[in-house]
Amino acid sequence: AHATAFELLRFVQTVDQVFWPWRADIGNRFWEMHLHAMLGGAARLLGRYDAARSDSEAAVQISESMGEQRFKAKTLHDLAALLQLRGEYEQALAVAQQGLALSQQLGDHNSAAYGELTLGWIEIDAGHLTLAEEHCRRSLAAALESGEFRLHVSSLAALARIDRCLLYTSPSPRDRTR
């Protein structure tokens with residue numbers, strides 16, 4: 001799938017306008033942006049983190065140049081999750097906070113809630129469980145308000161992971177209860 005998407009990206013960049021001139025009106029940059037995001041996601045799933053980072057950063061840059069701020073915010077969340085997988089927690093937090101701030105600035109409550117969840121997962125892996133719980137509780141509250149089932153379940157899963165981490169790191173049985 002990754003090779004096919006890569007070939008499609010090259011096609012869009014070079015030959016597409018010859019066969020479909022109307023797409024020039026829309027702009028090939030729009031399609032390149034989406035394809036880079038897709039390639040980044042596919043590479044991340046395949047464990048090709050360097051390629052995933054390159055494509056995700058390209059999608060962010062194109063979205064910035066086009067003024068596609070909502071897409072940029074979502075792609076920043078994805079890039080932060082990738083940096084988390086690489087163990088680059090400080091950079092992942094900075095990118096996730098940038099995506100969250102952009103989502104909030106745009107008034108995109110759903111994207112902001114996913115930004116909170118992304119920050120929560122990063123904080124869990126970084127060992128900052130109190131901060132992680134704050135982010136995950138905010139994402140859960142947004143999920144309950146919006147009825148977004150996937151966000152609801154993901155927020156509960158993150159909170160369960162926090163509880164499990166606390167169970168194994170608390171010094172005494174009394175500290176293990178809330």
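Position numbers for residues start from 1 in each chain and track the written sequence from start to end. Two thresholds apply to this predicted model, a pLDDT of at least 70 for residue-level local features and 80 or more for giving and counting side-chain atom pairs, whereas whole-chain, interface and lining totals are computed over all residues. Here the side-chain values reflect all heavy atoms present in the structure, with hydrogen atoms and water set aside.

For the rest of this paragraph, the subject is the overall build of the chain. In terms of helices and strands, the chain carries 10 helices and zero strands. When the helices and strands of the chain are listed from N to C terminus, the series reads α-α-α-α-α-α-α-α-α-α. Summary of the burial criterion: residues with accessible area below 20% of their type's maximum are buried, those above 50% are exposed, and those between are partly exposed, where the area comes from a 1.4 Å probe applied to protein chains only. Expressed as a percentage of its 178 residues, the buried residues of the chain come to 40%. Only heavy atoms matter for contacts: two residues are in contact if any of them lie within 4.5 Å across the pair. Restricting the contact set of the chain to residue pairs at least 6 apart, pairs at least 24 apart contribute 51%. Method for areas: the Shrake-Rupley scheme with a 1.4 Å probe, in which residue coverage is limited to the protein chains shown. Accessible area of the chain: about 10000 Å², with a carbon and sulfur share of 56%. Strands here mean DSSP runs of E at least two residues long; helices mean DSSP runs of H or I at least four residues long; both are numbered from the N terminus.

What follows concerns the pattern of salt bridges. The salt bridge definition used is simple: a Lys or Arg side-chain nitrogen within 4 Å of an Asp or Glu carboxyl oxygen. Inspection of the entire model under this criterion finds 11 salt bridges. Where Glu-133 meets Arg-137, a salt bridge forms, and the shortest distance between an N and an O atom there is 3.1 Å. Residue Glu-133 and its partner Arg-137 are located together in helix H9 (residues 129-146), separated by four residues, close to a single helical turn. Accessibility expressed as a relative area gives 44% for Arg-137, which makes it partly exposed. If you follow the salt bridges from partner to partner, you end up with Asp-50, Arg-53, Glu-57, Arg-86 and Glu-88 in one network.

Before going further, it helps to spend a moment on the packing of aromatic side chains. For any pair of aromatic rings, the description rests on two quantities: the centre-to-centre distance and the angle between the ring planes. Ring pairs are drawn from Phe, Tyr and Trp, using the six-membered ring of Trp, whenever the two centres fall within 6.5 Å, and their geometry is named by plane angle: stacked under 30 degrees, edge-to-face over 60, tilted for the rest. One pass over the structure, following the stated rule, counts one aromatic pair. Measuring from ring centre to ring centre gives 4.9 Å for Phe-30 and Trp-31, while their planes differ by 85 degrees; the resulting arrangement is edge-to-face. Take Phe-30: its relative accessible area is 23%, and that puts it in the partly exposed class.

Moving on: the environment of Gln-91. As for its position among the elements, Gln-91 is in helix H7 (residues 89-106). It is 7.6 Å that separates the C-alpha atoms of Gln-91 and Ala-80, two residues lying 11 residues apart in sequence. What Gln-91 contacts, discounting residues up to four positions off in sequence, is Arg-53 and Leu-83. Of note is the side chain of Gln-91, whose polar atom sits 3.1 Å from the side chain of Arg-53. As used in this structure description, the phrase polar contact means that two N or O atoms lie within 3.5 Å; if the pair is within protein, one of them must be able to donate a hydrogen and the other to accept it, and residues adjacent in sequence are counted only when both atoms belong to side chains.

The length a helix should cover is 1.5 Å for every residue beyond the first. A rise of 1.5 Å per residue sets the reference length of H9, with its 18 residues, at 26 Å; its end C-alpha atoms lie 25 Å apart and thus fit the reference within 8%. Looking at the buried side of H9, the elements it contacts are helix H8 (109-126) and helix H10 (149-169). Backbone geometry just after H9 places Gly-147 at a positive phi near 80 degrees.

What follows concerns the nonpolar core. Nine residue types can take part in a nonpolar core, namely buried Ala, Val, Leu, Ile, Met, Phe, Trp, Tyr and Cys, and a core is a set of them joined through side-chain atoms within 4.5 Å. Counting 16 residues, the largest nonpolar core has Leu-79, Ala-80, Leu-83, Val-95, Ala-96, Leu-119 and Ile-122 as the members making the most contacts within it. Other than its neighbours up to four places away in sequence, Leu-119 contacts Leu-93, Ala-96, Gln-97, Leu-100 and His-135. If you look at the next biggest cluster of nonpolar residues, it comprises 13 residues, including Ile-124, Leu-129, Ala-132 and Leu-151.

Running from amino to carboxyl end, H9 crosses H10 at an angle of 155 degrees, the nearest separation of the two axes being 8 Å. The angle between H9 and H10 places the two elements in the roughly antiparallel class. Read as a crossing pair, H9 and H10 show a hand that is left-handed. Contact with H9, carried on its side by Leu-129, Ala-132, Glu-133, Cys-136, Arg-137, Ser-139, Leu-140, Ala-142, Ala-143 and Leu-144, involves Leu-151, His-152, Ser-155, Leu-156, Ala-158, Leu-159, Ile-162, Cys-165 and Leu-166 of H10 and no other residues of that element. Residues are grouped as follows: Ala, Val, Leu, Ile, Met, Phe, Trp, Tyr, Cys and Pro are nonpolar; Asp, Glu, Lys and Arg are charged; every other residue, Gly included, is polar. In terms of residue class, the contact of H9 with H10 is made up of 14 nonpolar, three polar and two charged. Interaxial angles span 0 to 180 degrees and are taken between N-to-C directions of axes, which are lines fitted to C-alpha atoms, for helices over the stretch in contact. Any angle that is under 35 degrees is reported as roughly parallel, and any over 145 degrees as roughly antiparallel; angles of 65 to 115 degrees are reported as roughly perpendicular and all others as oblique. Should the near helix be turned anticlockwise from the far one by less than a right angle, the crossing is termed left-handed; should it be turned clockwise, right-handed.

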